[in-house]
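What follows is the residue order along each chain.
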Amino acid sequence: MRMYDIIMKKRNGGDLTKEEINFFIEGYTKGEIPDYQVSALMMAIYFKKMNTRETAELTQAMVESGEIMDLRSIHGIKVDKHSTGGVGDTTTLIVGPIVAAAGVPVAKMSGRGLGHTGGTIDKLESFAGFQVDIPIEKFIGNVNEIGIALAGQTANLAPADKKLYALRDVTATVDNLSLIAGSIMSKKIASGADAIVLDVKTGSGAFMKTEDDSFALARAMVDIGTHTKRNTIAVVTDMDQPLGYAIGNALEVKEAIDVLNGKGPEDLRELCLTLASQMLVLGEKAETDADARVILEEIIESGKGLQKFADFVEAQGGDPEWVKNPNLLPTAKTEIPVLARQSGVVESIEAESVGIAALLLGAGRETKASEIDLAVGILLKKKIGDPVEAGEALAVLHVNDEAKVEEATARLLKAYGIAESADAPKLIKGIVRSNETIKL
């Protein structure tokens, strides 16, 4: 078998066999096939695309290129949740504890933030002493004892994906449905989950900007899950404005604690209940979404979800008292309001620009080596559909370095569109299952 023949076959629109896919993934991972040939194949795939079978077999080959987590000693059906990324996306900190409290084991691998999207690990490290680099024995033990554990992804998890993504990033071949779906799902499958719930974002703050593209990505990932015998559901959700009101690590943790206390923003609570309901159904703790929601609402109202979060933080080295008293979390030195320049109704919020404004304050990473300031960020005061008067606060910057305020303020003001009237966008756009696509 020759790489030349595989490139030519795909260039001419042919379908690659499982053997051909395995050959190039294995050879590239081992360094036996050069970058320039794989670059040519990625470009051929970009233009000629892959069918459902090819996409699933590419994903499985990436899974098998490295370590596959063996979580069989964890009791019960392990259900993972993954978001395609957004601004203010704190769902894991809420969904994980309430799902665990309902009896579905949550064994999650998460990453750090890069750019304007926050990473779950960074948020949890707002708790002094919190450890994500824990031995697999402790990881499994924590899940069996308290129902939940979270660890950072290892370099040995789907190494072919890491190598391919770096190449795609510099050859203008990132934006292909099969390659995007395979990249995401290879890490989820290698992480050892029995079932997967996907939160596929759509809108200005999402990777996929249109609903059509977001539903297509959701379908591609669900098809991969089905092909690899993982029960998979995708929920397509709005990211045309930040989720909740908080953007920034400790600020988002405080907002998650508010939701676990039965308070917090309605959109964040609603999305968490939607995702968690799907996880309970896949985990066979509820027959229907409605049954699951009743269970989850009781868990929040009773305080069981908050207690589970405290147990989780303590089990990984953090102080559970910080969960009960979130004022102990990192706090910025200065709060600076950003004032509206005209009256009207908030018509739009460019979510990505809000995320970049928070990054400028130090809440995100421009490169992998960047240091994050866990205390800084933005608290929105107005969202789409809210009336606003000139001179009223649109948001409040939480700042430690005032040299960054001017640029962040300008970016934030530009993100807001104000008109005579506007309606808030629909939060849940639809659900994709193996046998159906429901658009709401």
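First, a word on scope: everything that follows refers to the structure included in this document. For clarity, every value in this text was computed on a predicted model and none was experimentally measured.

Definitions and cut-offs
Residues numbered from 1 in each chain as written. Predicted model: local features only at pLDDT ≥ 70, side-chain atom pairs only at ≥ 80, totals over all residues. Heavy atoms only, no water. Pairing = 2+ DSSP bridges. Helix = DSSP H or I, 4+ residues; strand = E, 2+ residues; numbered from the N terminus. Contact = heavy atoms within 4.5 Å. Axes fitted to C-alpha atoms, helices over the stretch in contact; angles between N-to-C directions. Expected span 1.5 Å × (residues − 1). Buried < 20%, exposed > 50% of the residue type's maximum accessible area, 1.4 Å probe, protein only. Polar contact = N/O pair within 3.5 Å; in protein donor to acceptor, adjacent residues only side chain to side chain. Salt bridge = Lys/Arg side-chain N within 4 Å of Asp/Glu carboxyl O. Parallel < 35°, antiparallel > 145°, perpendicular 65-115°, else oblique. Left-handed = near helix turned anticlockwise from the far one by under 90°. Nonpolar A, V, L, I, M, F, W, Y, C, P; charged D, E, K, R; others polar.

1. Some details on the sheet that holds strand β9 (residues 377-380)
With antiparallel pairing, four strands are arranged side by side in an open sheet as β6-β9-β11-β7. With partners counted over all chains shown, the strands left at the sheet margins are β6 (246-247) and β7 (334-339), one partner each. Together, β7, β9 and β11 (393-399) form the strand contacts of helix α17 (residues 405-415), whose direction differs from that of β11 by roughly 150°.

2. Side note on helix α9 (residues 177-190)
Helix length check: α9 (14 residues) gives 20 Å between terminal C-alpha atoms against 20 Å at 1.5 Å per residue, within 8%. Burial of α9 is extensive: 12 of the 14 residues sit out of reach of the surface. Along α9, the residues classified as buried are S178, L179, I180, A181, G182, S183, I184, M185, S186, K188, I189 and A190. Of the residues that open α9, the one with a side-chain oxygen 3.1 Å from the backbone nitrogen of S178 is N176.

3. Remarks on the pattern of salt bridges
Going through the model one piece at a time under the given rule, you end up with 23 salt bridges. Close ionic contact of D194 with K78 constitutes a salt bridge, the shortest N to O distance being 3.0 Å. In this pair, D194 sits in the loop between α9 and β4 (195-202) while K78 sits in the loop between α4 (52-63) and β1 (79-83), placing the two residues 116 residues apart along the sequence. The class of D194 is partly exposed, set by a relative accessible area of 32%. The closest approach of N and O atoms between R293 and E270, which form a salt bridge, is 2.9 Å.

4. Considerations on the packing of α9 against helix α10 (residues 211-227)
Running from N to C, α9 and α10 cross one another at 45°; their axes reach a closest spacing of 9 Å. Here α9 is positioned oblique relative to α10, judged by the angle of their axes. Between α9 and α10 lies a crossing of right-handed hand. The segment α9 lies against α10, with L177, I180, A181, G182, I184, M185 and I189 engaging D213, A216, L217, A220, M221, I224 and G225. Considering only residue class, the contact of α9 with α10 consists of 11 nonpolar, two polar and one charged.

5. Observations concerning the sheet that holds strand β5 (residues 231-238)
To summarise the sheet geometry, strands pair through backbone hydrogen bonds and adopt either a parallel or an antiparallel arrangement. Ordered in space as β1-β4-β5-β13-β14, the five strands form an open sheet in which the pairing is mixed. Here the strands that pair on one side only, and so sit at the sheet edges, are β1 and β14 (436-439). Direction aside, the axes of adjacent strands within the sheet are offset by 15° on average. For β1 and β4, the ladder comprises five bridges, and the chain directions are parallel. Each bridged residue has a counterpart across the sheet, and for H82 the counterpart in β4 is L198. The strands touched by α10 within the sheet are β4, β5, β13 (428-433) and β14, with β5 carrying the most contacts at an inclination of about 165°.

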